[in-house]
Amino acid sequence: MPYLTSPVLPAGTFAHGAQPSLPTGDGLLLRPWKAEDAPAVHAAFQDPLMHQWHIRAADSEDEAGGWIEEWLLAWDGERNAQWAVVDPDGDRLLGRVALREIRLDEGTAEVAYWTTAAARGQGVAARATTALARWALDTIGFHRLELLHAVRNEASCRVAAKTGFILEGTKRSATLHADGWHDMHLHARVRGDRAAGLT
């Protein structure tokens with residue numbers, strides 16, 4: 001049975017090329033992960049705040065290295081794309097930004113991010129999310145990006161608002177964390193939203 005619509009993005013949109021590095025234009029760089037990032041990822045996940053809003057823990061540098069291997073392989077699988085957010089001068093890890101749940105046929109993906117404890121309060125998440133959204137929507141041609149965060153995570157709500165992701169509603173009891181079920185805010189940006197004055 002034929003489809004009545006064509007894919008928004010063709011298969012191979014990611015896999016046919018190397019994962020790019022993306023400068024934010026204001027002093028940060030989004031780059032593909034490296035094996036040598038494992039100690040910094042492991043250190044980031046020792047932060048209690050990471051445990052509050054994430055469902056995974058890193059027990060060793062080897063485990064973090066395994067995540068990085070998965071993140072690198074995910075590019076060719078075209079379902080997830082992960083970047084390290086670094087200071088381009090010293091290549092110091094400041095955070096991570098990602099496109100998850102990629103659906104090329106529908107032109108949709110979910111934006112996710114975290115920052116290291118030392119980088120918080122510097123706008124790292126917002127700057128990295130802005131650069132990633134600009135690339136995904138304007139360069140690649142995604143139609144819609146979603147951003148989900150626990151309702152109680154007010155810092156993530158501020159990042160979403162600052163980067164033009166409009167709050168569309170609340171998904172009740174949608175994600176299980178270590179402390180129980182969380183309601184989740186659903187934000188989204190659709191291609192062309194910037195024309196309406198969004199950043």
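The rules behind each value
Residues numbered from 1 in each chain as written. Predicted model: local features only at pLDDT ≥ 70, side-chain atom pairs only at ≥ 80, totals over all residues. Heavy atoms only, no water. Pairing = 2+ DSSP bridges. Helix = DSSP H or I, 4+ residues; strand = E, 2+ residues; numbered from the N terminus. Expected span 1.5 Å × (residues − 1). Buried < 20%, exposed > 50% of the residue type's maximum accessible area, 1.4 Å probe, protein only. Salt bridge = Lys/Arg side-chain N within 4 Å of Asp/Glu carboxyl O. Lys, Arg positive; Asp, Glu negative; His and termini not counted. Polar contact = N/O pair within 3.5 Å; in protein donor to acceptor, adjacent residues only side chain to side chain.

### What about the pairing of strand β7 (residues 166-177)?
Pairing of β7 with strand β8 (residues 180-190), which is carried by 8 bridges, proceeds in the antiparallel orientation. Across the sheet, the residue bridging to G169 is L186, located in β8. From the end of β7 to the start of β8, which pair antiparallel, there are 2 residues.

### Looking at helix α3 (residues 61-77)
The end-to-end C-alpha separation of α3 is 25 Å, in line with the 24 Å expected for 17 residues at 1.5 Å each. Among all positions of α3, only A64, G65, W67, I68, W71, A74 and W75 are buried. Note on α3: the residue one or two positions beyond its end, E78, has a positive phi of about 60°.

### Some remarks on the pattern of salt bridges
Taken as a whole and judged by the stated rule, the model has 12 salt bridges. With its nearest N and O atoms 3.5 Å apart, the salt bridge here joins R103 to E106. Under the relative-accessibility criterion, E106 is labelled partly exposed at 43%. For R144, the salt bridge identified is with E146, shortest N-O distance 3.0 Å. Among the residues examined, R144 registers a relative accessible area of 18% and is labelled buried. Given a relative accessible area of 27%, E146 falls into the partly exposed group. Here the residues in one salt-bridge network are R31, K34, D37 and D91, joined through shared partners.

### Describing the side chain of D193
Position of D193 among the secondary structure elements: in the segment after β8. No salt bridge is formed by the buried D193; its nearest oppositely charged neighbour, R189, is found at 5.3 Å. A distance of 2.8 Å separates a polar side-chain atom of D193 from the backbone nitrogen of V190.

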